Amino acid sequence: MSEKITSKYNKKKQEKTGLLTFLSSISEIWWVETKETIKDQGLLIFFIIVPLFYPLLYSWIYNNEVVRDVPVAIVDLSHSQSSRQFIKDFDASPDVHAAYYCNNIKEAEMLVGKQAVYGVLYFPSDFDNALHRGQKTYVGVYCDMSLMLTYKAIYQSALSVALEMGTNIKKSNILLISERDEEVNTEPMIIDAEPIFNTTGGYGNAILPAVLILIIQQTLLLGIGLTAGTEREKCRLSCEKLNNGFLKIILGKSLCYLMIYSIMTAYVTMCVPYWFDFTMLARPVDLFLLLLPYLLAVIFFGMTISFFVRYRENVMLLVVFTSIPFLFLTGVSWPKSNIPGMWQGLSWLIPSTFGVRGYLSIASMGATIHEILPEVRALWIQATVYFLTTCFISCMKSRHKGN
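Thoughts on the environment of Leu-346
Looking at the secondary structure, you find Leu-346 in helix 13 (residues 341-347). Counting along the chain gives 20 residues from Leu-346 to Phe-326, while the straight-line C-alpha distance between them is 9.9 Å.

The structure is reproduced here in C-alpha coordinates:
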(Lines give C-alpha, C1' and ligand atoms only; values in the text may rest on other atoms or scores of the structure.)
Protein backbone atom coordinates (compact mmCIF):
# COMPACT_ATOMS: atom_id res chain seq x y z
CA MET A 1 0.00 0.00 0.00
CA SER A 2 2.80 2.38 0.95
CA GLU A 3 4.61 1.55 -2.30
CA LYS A 4 1.52 2.57 -4.35
CA ILE A 5 1.24 5.85 -2.46
CA THR A 6 4.96 6.50 -2.96
CA SER A 7 4.73 5.76 -6.71
CA LYS A 8 1.73 8.09 -7.10
CA TYR A 9 3.55 10.82 -5.19
CA ASN A 10 6.64 10.40 -7.36
CA LYS A 11 4.50 10.47 -10.50
CA LYS A 12 2.79 13.71 -9.46
CA LYS A 13 6.15 15.19 -8.50
CA GLN A 14 7.56 14.29 -11.90
CA GLU A 15 4.53 15.80 -13.66
CA LYS A 16 4.87 18.98 -11.61
CA THR A 17 8.60 19.13 -12.30
CA GLY A 18 7.96 18.54 -16.03
CA LEU A 19 5.37 21.33 -16.12
CA LEU A 20 7.70 23.73 -14.31
CA THR A 21 10.51 22.85 -16.72
CA PHE A 22 8.17 23.40 -19.68
CA LEU A 23 7.05 26.81 -18.39
CA SER A 24 10.61 27.72 -17.51
CA SER A 25 11.77 26.97 -21.07
CA ILE A 26 8.95 29.08 -22.52
CA SER A 27 9.84 31.95 -20.19
CA GLU A 28 13.49 31.68 -21.19
CA ILE A 29 12.67 31.81 -24.90
CA TRP A 30 10.27 34.70 -24.26
CA TRP A 31 13.02 36.62 -22.46
CA VAL A 32 15.60 35.94 -25.20
CA GLU A 33 13.13 37.02 -27.89
CA THR A 34 12.26 40.18 -25.98
CA LYS A 35 15.93 41.11 -25.63
CA GLU A 36 16.55 40.46 -29.34
CA THR A 37 13.59 42.69 -30.17
CA ILE A 38 15.00 45.54 -28.10
CA LYS A 39 18.50 45.17 -29.61
CA ASP A 40 17.34 44.98 -33.24
CA GLN A 41 16.70 48.48 -34.63
CA GLY A 42 14.54 47.15 -37.45
CA LEU A 43 12.24 45.33 -35.02
CA LEU A 44 12.02 48.41 -32.82
CA ILE A 45 10.89 50.43 -35.83
CA PHE A 46 8.15 48.00 -36.84
CA PHE A 47 7.03 46.93 -33.35
CA ILE A 48 7.20 50.29 -31.54
CA ILE A 49 7.86 53.37 -33.65
CA VAL A 50 5.57 52.65 -36.62
CA PRO A 51 2.51 51.64 -34.50
CA LEU A 52 3.08 54.72 -32.32
CA PHE A 53 3.41 57.36 -35.04
CA TYR A 54 1.86 55.93 -38.24
CA PRO A 55 -1.73 56.05 -36.92
CA LEU A 56 -1.15 59.62 -35.72
CA LEU A 57 0.07 60.64 -39.17
CA TYR A 58 -2.91 59.11 -40.98
CA SER A 59 -5.40 60.51 -38.49
CA TRP A 60 -3.85 63.97 -38.57
CA ILE A 61 -3.95 64.11 -42.39
CA TYR A 62 -7.67 63.24 -42.50
CA ASN A 63 -8.60 65.01 -39.28
CA ASN A 64 -10.67 67.67 -41.09
CA GLU A 65 -12.94 64.86 -42.35
CA VAL A 66 -14.24 66.92 -45.31
CA VAL A 67 -12.62 69.44 -47.66
CA ARG A 68 -13.71 73.10 -47.70
CA ASP A 69 -13.53 75.86 -50.34
CA VAL A 70 -12.38 73.66 -53.21
CA PRO A 71 -11.40 76.06 -56.03
CA VAL A 72 -13.55 75.75 -59.17
CA ALA A 73 -13.32 77.46 -62.58
CA ILE A 74 -16.54 78.91 -64.03
CA VAL A 75 -17.23 78.96 -67.78
CA ASP A 76 -20.45 80.96 -68.25
CA LEU A 77 -21.43 81.26 -71.93
CA SER A 78 -25.02 82.10 -71.00
CA HIS A 79 -24.34 85.38 -69.16
CA SER A 80 -27.89 85.32 -67.87
CA GLN A 81 -29.59 85.96 -64.57
CA SER A 82 -30.25 82.23 -64.14
CA SER A 83 -26.60 81.25 -64.58
CA ARG A 84 -25.46 84.06 -62.26
CA GLN A 85 -27.93 82.89 -59.60
CA PHE A 86 -26.70 79.32 -59.98
CA ILE A 87 -23.08 80.45 -59.57
CA LYS A 88 -24.00 82.58 -56.55
CA ASP A 89 -25.73 79.67 -54.79
CA PHE A 90 -22.90 77.32 -55.78
CA ASP A 91 -20.25 79.68 -54.39
CA ALA A 92 -22.25 80.07 -51.15
CA SER A 93 -21.66 76.39 -50.37
CA PRO A 94 -18.94 75.88 -47.72
CA ASP A 95 -17.39 73.05 -49.75
CA VAL A 96 -16.56 74.94 -52.96
CA HIS A 97 -15.31 78.33 -54.11
CA ALA A 98 -15.75 79.96 -57.54
CA ALA A 99 -12.10 80.97 -57.88
CA TYR A 100 -11.76 81.75 -61.62
CA TYR A 101 -14.04 82.91 -64.46
CA CYS A 102 -12.96 81.73 -67.91
CA ASN A 103 -14.05 82.64 -71.44
CA ASN A 104 -13.99 79.09 -72.76
CA ILE A 105 -13.43 75.51 -71.71
CA LYS A 106 -9.80 75.52 -72.94
CA GLU A 107 -8.81 78.15 -70.38
CA ALA A 108 -10.49 76.12 -67.65
CA GLU A 109 -8.63 72.98 -68.76
CA MET A 110 -5.32 74.81 -68.45
CA LEU A 111 -6.18 75.81 -64.88
CA VAL A 112 -7.04 72.20 -64.04
CA GLY A 113 -3.74 71.09 -65.57
CA LYS A 114 -1.87 73.55 -63.36
CA GLN A 115 -3.95 72.33 -60.37
CA ALA A 116 -5.08 75.89 -59.71
CA VAL A 117 -8.63 74.46 -59.65
CA TYR A 118 -10.01 70.95 -59.16
CA GLY A 119 -13.13 71.25 -61.28
CA VAL A 120 -15.03 73.23 -63.91
CA LEU A 121 -18.63 74.44 -63.97
CA TYR A 122 -19.81 74.96 -67.58
CA PHE A 123 -22.99 76.80 -68.67
CA PRO A 124 -23.95 76.52 -72.37
CA SER A 125 -25.08 79.62 -74.26
CA ASP A 126 -28.73 78.49 -74.44
CA PHE A 127 -28.94 77.66 -70.70
CA ASP A 128 -31.36 80.47 -69.77
CA ASN A 129 -33.54 80.24 -72.90
CA ALA A 130 -34.04 76.48 -72.58
CA LEU A 131 -34.74 76.81 -68.88
CA HIS A 132 -37.57 79.30 -69.32
CA ARG A 133 -39.05 77.56 -72.35
CA GLY A 134 -39.57 74.50 -70.17
CA GLN A 135 -36.99 72.49 -72.09
CA LYS A 136 -34.34 70.27 -70.61
CA THR A 137 -31.00 71.98 -70.14
CA TYR A 138 -27.80 71.03 -68.40
CA VAL A 139 -24.85 72.34 -66.43
CA GLY A 140 -21.54 70.67 -67.20
CA VAL A 141 -19.58 69.59 -64.11
CA TYR A 142 -16.01 68.47 -64.79
CA CYS A 143 -13.96 67.19 -61.87
CA ASP A 144 -10.43 66.02 -61.19
CA MET A 145 -11.11 62.35 -60.44
CA SER A 146 -7.68 61.78 -58.90
CA LEU A 147 -8.93 63.31 -55.64
CA MET A 148 -12.10 61.67 -54.39
CA LEU A 149 -12.88 64.25 -51.71
CA THR A 150 -12.70 67.24 -54.08
CA TYR A 151 -14.82 65.41 -56.66
CA LYS A 152 -17.45 64.70 -54.02
CA ALA A 153 -17.52 68.32 -52.85
CA ILE A 154 -17.90 69.81 -56.36
CA TYR A 155 -20.42 67.29 -57.65
CA GLN A 156 -22.68 67.29 -54.60
CA SER A 157 -22.68 71.09 -54.34
CA ALA A 158 -23.66 71.47 -58.01
CA LEU A 159 -26.33 68.77 -57.70
CA SER A 160 -27.83 70.40 -54.63
CA VAL A 161 -28.08 73.81 -56.33
CA ALA A 162 -29.57 72.27 -59.48
CA LEU A 163 -32.27 70.45 -57.53
CA GLU A 164 -33.15 73.59 -55.57
CA MET A 165 -33.34 75.73 -58.71
CA GLY A 166 -35.47 73.14 -60.48
CA THR A 167 -37.90 73.07 -57.57
CA ASN A 168 -38.24 76.88 -57.56
CA ILE A 169 -38.88 77.02 -61.32
CA LYS A 170 -41.51 74.31 -61.03
CA LYS A 171 -43.26 76.24 -58.27
CA SER A 172 -43.38 79.43 -60.35
CA ASN A 173 -44.92 77.60 -63.34
CA ILE A 174 -47.72 75.88 -61.40
CA LEU A 175 -50.89 77.90 -60.89
CA LEU A 176 -52.55 76.40 -57.84
CA ILE A 177 -54.81 77.73 -55.14
CA SER A 178 -52.65 77.47 -52.04
CA GLU A 179 -49.02 77.13 -50.98
CA ARG A 180 -49.83 73.67 -49.68
CA ASP A 181 -50.81 72.57 -53.20
CA GLU A 182 -47.49 73.91 -54.49
CA GLU A 183 -45.56 72.00 -51.84
CA VAL A 184 -47.34 68.74 -52.60
CA ASN A 185 -46.78 69.06 -56.35
CA THR A 186 -43.14 70.16 -56.23
CA GLU A 187 -42.00 68.05 -53.25
CA PRO A 188 -44.50 65.24 -52.63
CA MET A 189 -42.07 63.33 -50.43
CA ILE A 190 -39.82 65.17 -47.97
CA ILE A 191 -36.51 63.38 -47.48
CA ASP A 192 -34.51 64.25 -44.39
CA ALA A 193 -31.10 62.59 -44.67
CA GLU A 194 -29.61 61.88 -41.24
CA PRO A 195 -26.36 59.85 -41.08
CA ILE A 196 -26.67 57.08 -38.50
CA PHE A 197 -23.12 55.96 -37.76
CA ASN A 198 -20.71 58.25 -39.61
CA THR A 199 -22.37 61.42 -38.35
CA THR A 200 -19.70 63.72 -39.78
CA GLY A 201 -20.01 62.23 -43.26
CA GLY A 202 -16.21 62.38 -43.40
CA TYR A 203 -13.53 60.15 -44.82
CA GLY A 204 -11.74 59.70 -41.51
CA ASN A 205 -14.62 58.09 -39.63
CA ALA A 206 -15.40 55.85 -42.60
CA ILE A 207 -11.97 54.46 -43.51
CA LEU A 208 -9.42 55.17 -40.78
CA PRO A 209 -10.75 52.65 -38.19
CA ALA A 210 -10.14 49.94 -40.80
CA VAL A 211 -6.68 51.36 -41.54
CA LEU A 212 -5.80 51.27 -37.83
CA ILE A 213 -6.59 47.54 -37.59
CA LEU A 214 -4.66 46.90 -40.81
CA ILE A 215 -1.63 48.78 -39.43
CA ILE A 216 -1.57 46.38 -36.46
CA GLN A 217 -1.52 43.38 -38.78
CA GLN A 218 1.01 44.69 -41.28
CA THR A 219 3.55 45.92 -38.72
CA LEU A 220 3.27 42.66 -36.79
CA LEU A 221 3.80 40.64 -39.97
CA LEU A 222 6.80 42.80 -40.86
CA GLY A 223 8.33 42.32 -37.42
CA ILE A 224 7.81 38.55 -37.35
CA GLY A 225 9.14 38.19 -40.89
CA LEU A 226 12.13 40.36 -40.06
CA THR A 227 12.92 38.13 -37.07
CA ALA A 228 12.75 35.01 -39.22
CA GLY A 229 14.97 36.55 -41.89
CA THR A 230 17.53 37.57 -39.25
CA GLU A 231 17.58 34.04 -37.81
CA ARG A 232 18.25 32.53 -41.22
CA GLU A 233 20.92 35.08 -42.11
CA LYS A 234 22.79 34.74 -38.81
CA CYS A 235 21.86 31.10 -38.14
CA ARG A 236 20.51 32.20 -34.77
CA LEU A 237 18.23 29.19 -34.58
CA SER A 238 20.91 27.00 -32.99
CA CYS A 239 20.73 23.35 -32.00
CA GLU A 240 20.45 24.42 -28.38
CA LYS A 241 17.23 26.22 -29.21
CA LEU A 242 15.93 23.32 -31.25
CA ASN A 243 16.57 20.99 -28.34
CA ASN A 244 14.05 23.03 -26.34
CA GLY A 245 11.38 21.71 -28.69
CA PHE A 246 9.53 23.52 -31.46
CA LEU A 247 6.37 23.92 -29.34
CA LYS A 248 8.25 25.81 -26.63
CA ILE A 249 9.86 28.04 -29.25
CA ILE A 250 6.48 28.86 -30.83
CA LEU A 251 4.81 29.59 -27.50
CA GLY A 252 7.76 31.63 -26.22
CA LYS A 253 7.94 33.76 -29.35
CA SER A 254 4.18 34.24 -29.58
CA LEU A 255 4.09 35.29 -25.92
CA CYS A 256 6.69 37.97 -26.67
CA TYR A 257 4.73 39.29 -29.67
CA LEU A 258 1.45 39.17 -27.76
CA MET A 259 2.91 41.11 -24.83
CA ILE A 260 4.25 43.90 -27.06
CA TYR A 261 1.19 44.18 -29.26
CA SER A 262 -1.33 44.06 -26.43
CA ILE A 263 0.00 47.48 -25.47
CA MET A 264 0.29 48.72 -29.06
CA THR A 265 -3.22 47.52 -29.95
CA ALA A 266 -4.78 49.22 -26.92
CA TYR A 267 -3.02 52.43 -27.94
CA VAL A 268 -4.06 52.23 -31.61
CA THR A 269 -7.69 51.20 -31.08
CA MET A 270 -8.56 53.30 -28.03
CA CYS A 271 -6.20 56.29 -27.65
CA VAL A 272 -5.93 57.36 -31.31
CA PRO A 273 -9.73 57.45 -31.95
CA TYR A 274 -10.21 59.39 -28.70
CA TRP A 275 -7.57 62.00 -29.58
CA PHE A 276 -8.97 62.62 -33.08
CA ASP A 277 -12.67 62.40 -32.14
CA PHE A 278 -13.47 59.35 -34.25
CA THR A 279 -16.71 57.58 -33.47
CA MET A 280 -16.02 55.11 -30.65
CA LEU A 281 -18.99 53.16 -29.30
CA ALA A 282 -17.14 49.98 -28.30
CA ARG A 283 -17.12 48.73 -24.74
CA PRO A 284 -13.69 47.66 -23.42
CA VAL A 285 -14.85 44.09 -22.76
CA ASP A 286 -16.18 43.64 -26.30
CA LEU A 287 -13.01 45.16 -27.71
CA PHE A 288 -10.86 42.74 -25.70
CA LEU A 289 -12.89 39.70 -26.77
CA LEU A 290 -12.47 40.69 -30.41
CA LEU A 291 -8.84 41.79 -30.42
CA LEU A 292 -7.45 38.83 -28.46
CA PRO A 293 -8.25 36.25 -31.17
CA TYR A 294 -7.30 38.84 -33.80
CA LEU A 295 -3.80 39.25 -32.36
CA LEU A 296 -3.34 35.49 -31.98
CA ALA A 297 -4.52 34.91 -35.56
CA VAL A 298 -2.12 37.56 -36.89
CA ILE A 299 0.80 36.23 -34.81
CA PHE A 300 0.42 32.63 -35.97
CA PHE A 301 -0.38 33.77 -39.53
CA GLY A 302 2.86 35.77 -39.50
CA MET A 303 4.84 32.86 -38.05
CA THR A 304 3.47 30.56 -40.75
CA ILE A 305 4.45 32.80 -43.66
CA SER A 306 7.77 33.67 -41.98
CA PHE A 307 9.03 30.17 -42.77
CA PHE A 308 9.16 31.24 -46.41
CA VAL A 309 11.21 34.37 -45.66
CA ARG A 310 14.87 33.81 -46.44
CA TYR A 311 16.22 37.35 -46.10
CA ARG A 312 15.14 40.36 -44.04
CA GLU A 313 14.28 42.41 -47.12
CA ASN A 314 11.90 39.81 -48.56
CA VAL A 315 9.18 40.34 -45.98
CA MET A 316 9.13 44.11 -46.58
CA LEU A 317 8.46 43.62 -50.28
CA LEU A 318 5.73 41.07 -49.59
CA VAL A 319 3.84 42.80 -46.77
CA VAL A 320 4.01 46.37 -48.09
CA PHE A 321 2.74 45.18 -51.48
CA THR A 322 -0.27 43.45 -49.93
CA SER A 323 -1.42 46.36 -47.74
CA ILE A 324 -3.77 47.96 -50.30
CA PRO A 325 -5.25 44.63 -51.55
CA PHE A 326 -5.89 43.57 -47.95
CA LEU A 327 -7.74 46.84 -47.31
CA PHE A 328 -9.94 46.34 -50.37
CA LEU A 329 -10.69 42.72 -49.40
CA THR A 330 -12.13 43.82 -46.04
CA GLY A 331 -15.14 45.28 -47.86
CA VAL A 332 -14.74 48.75 -46.36
CA SER A 333 -13.37 50.87 -49.20
CA TRP A 334 -15.02 48.64 -51.84
CA PRO A 335 -18.47 47.00 -51.33
CA LYS A 336 -18.22 43.40 -50.23
CA SER A 337 -21.08 42.45 -52.53
CA ASN A 338 -19.06 43.58 -55.56
CA ILE A 339 -15.97 41.52 -54.70
CA PRO A 340 -15.73 38.37 -56.90
CA GLY A 341 -16.21 35.04 -55.16
CA MET A 342 -12.61 33.94 -55.67
CA TRP A 343 -11.28 37.06 -53.94
CA GLN A 344 -13.83 36.75 -51.15
CA GLY A 345 -12.57 33.22 -50.53
CA LEU A 346 -9.01 34.54 -50.41
CA SER A 347 -10.06 37.23 -47.92
CA TRP A 348 -11.22 34.55 -45.46
CA LEU A 349 -7.58 33.47 -45.06
CA ILE A 350 -6.49 36.93 -43.87
CA PRO A 351 -7.09 37.95 -40.22
CA SER A 352 -7.59 41.64 -41.08
CA THR A 353 -10.76 40.80 -43.02
CA PHE A 354 -12.67 39.72 -39.92
CA GLY A 355 -10.75 42.01 -37.57
CA VAL A 356 -11.71 45.13 -39.54
CA ARG A 357 -15.35 44.12 -39.93
CA GLY A 358 -15.71 43.29 -36.26
CA TYR A 359 -13.95 46.46 -35.10
CA LEU A 360 -16.07 48.71 -37.33
CA SER A 361 -19.22 47.03 -36.08
CA ILE A 362 -18.51 47.56 -32.38
CA ALA A 363 -16.62 50.87 -32.65
CA SER A 364 -18.64 52.74 -35.28
CA MET A 365 -22.04 51.01 -35.09
CA GLY A 366 -22.29 50.15 -31.40
CA ALA A 367 -22.61 46.39 -31.91
CA THR A 368 -22.10 44.01 -28.98
CA ILE A 369 -19.88 40.95 -28.92
CA HIS A 370 -22.93 38.74 -29.51
CA GLU A 371 -23.66 40.55 -32.77
CA ILE A 372 -20.16 39.97 -34.16
CA LEU A 373 -19.85 36.32 -33.14
CA PRO A 374 -19.29 35.19 -36.78
CA GLU A 375 -16.19 37.41 -36.98
CA VAL A 376 -14.93 36.30 -33.55
CA ARG A 377 -15.43 32.62 -34.39
CA ALA A 378 -13.63 33.10 -37.71
CA LEU A 379 -10.65 34.69 -35.93
CA TRP A 380 -10.44 31.84 -33.40
CA ILE A 381 -10.57 29.33 -36.26
CA GLN A 382 -7.78 31.20 -38.06
CA ALA A 383 -5.69 31.34 -34.88
CA THR A 384 -6.11 27.57 -34.38
CA VAL A 385 -5.39 26.66 -38.01
CA TYR A 386 -2.33 28.90 -38.29
CA PHE A 387 -1.03 27.64 -34.92
CA LEU A 388 -1.25 24.07 -36.23
CA THR A 389 0.43 24.98 -39.53
CA THR A 390 3.21 26.73 -37.60
CA CYS A 391 3.71 23.66 -35.42
CA PHE A 392 3.69 21.36 -38.45
CA ILE A 393 6.26 23.34 -40.42
CA SER A 394 8.43 23.81 -37.31
CA CYS A 395 8.33 20.07 -36.63
CA MET A 396 9.38 19.30 -40.21
CA LYS A 397 12.24 21.82 -40.10
CA SER A 398 13.47 20.62 -36.67
CA ARG A 399 13.57 17.01 -37.92
CA HIS A 400 15.40 18.11 -41.05
CA LYS A 401 18.01 20.01 -39.00
CA GLY A 402 18.27 17.13 -36.54
CA ASN A 403 19.13 14.77 -39.36
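Description of the packing of aromatic side chains
This model, assessed by the stated rule, comprises 11 aromatic pairs. Look at Phe-47 and Tyr-261: their rings are 5.5 Å apart centre to centre, the planes differ by 80°, and that puts the pair in the edge-to-face class. Here Tyr-261 lies in helix 10 (residues 246-275) and Phe-47 lies in helix 2 (residues 41-61), a separation of 214 residues in the sequence. Given the relative accessible area of 1%, Phe-47 is considered buried. The exposure class of Tyr-261 is buried, given its relative accessible area of 1%. When the centroid spacing of 5.3 Å and the interplanar angle of 75° are considered together, the rings of Phe-86 and Phe-123 count as edge-to-face. Of this pair, Phe-86 sits in helix 3 (residues 81-92) while Phe-123 sits in strand 3 (residues 119-123), placing them 37 residues apart in sequence.

Some details on the pattern of salt bridges
Between side chains of opposite charge, a pair can form as their charged atoms come close. Inspection of every chain in the model, using the stated rule, returns two salt bridges. Taking the shortest distance from any N to any O, the salt bridge between Arg-283 and Asp-286 comes out at 3.0 Å.

A short note on helix 12 (residues 312-329)
With 18 residues, helix 12 should cover 26 Å at 1.5 Å per step; its first-to-last C-alpha distance of 26 Å lies within 8% of that length. The axis of helix 12 is deflected most strongly, by about 40°, at Ser-323, and proline Pro-325 appears within four residues downstream. For helix 12, every residue scored as buried is listed here: Val-315, Val-319, Thr-322, Phe-326, Leu-327 and Leu-329. Two residues or fewer past helix 12, Gly-331 is found with a positive phi of approximately 85°.

So, how was this worked out
Residues numbered from 1 in each chain as written. Predicted model: local features only at pLDDT ≥ 70, side-chain atom pairs only at ≥ 80, totals over all residues. Heavy atoms only, no water. Helix = DSSP H or I, 4+ residues; strand = E, 2+ residues; numbered from the N terminus. Phe/Tyr/Trp six-rings, centres within 6.5 Å; stacked < 30°, edge-to-face > 60°. Buried < 20%, exposed > 50% of the residue type's maximum accessible area, 1.4 Å probe, protein only. Salt bridge = Lys/Arg side-chain N within 4 Å of Asp/Glu carboxyl O. Expected span 1.5 Å × (residues − 1). Bend = angle between axes of the 7 residues up to and from the residue.

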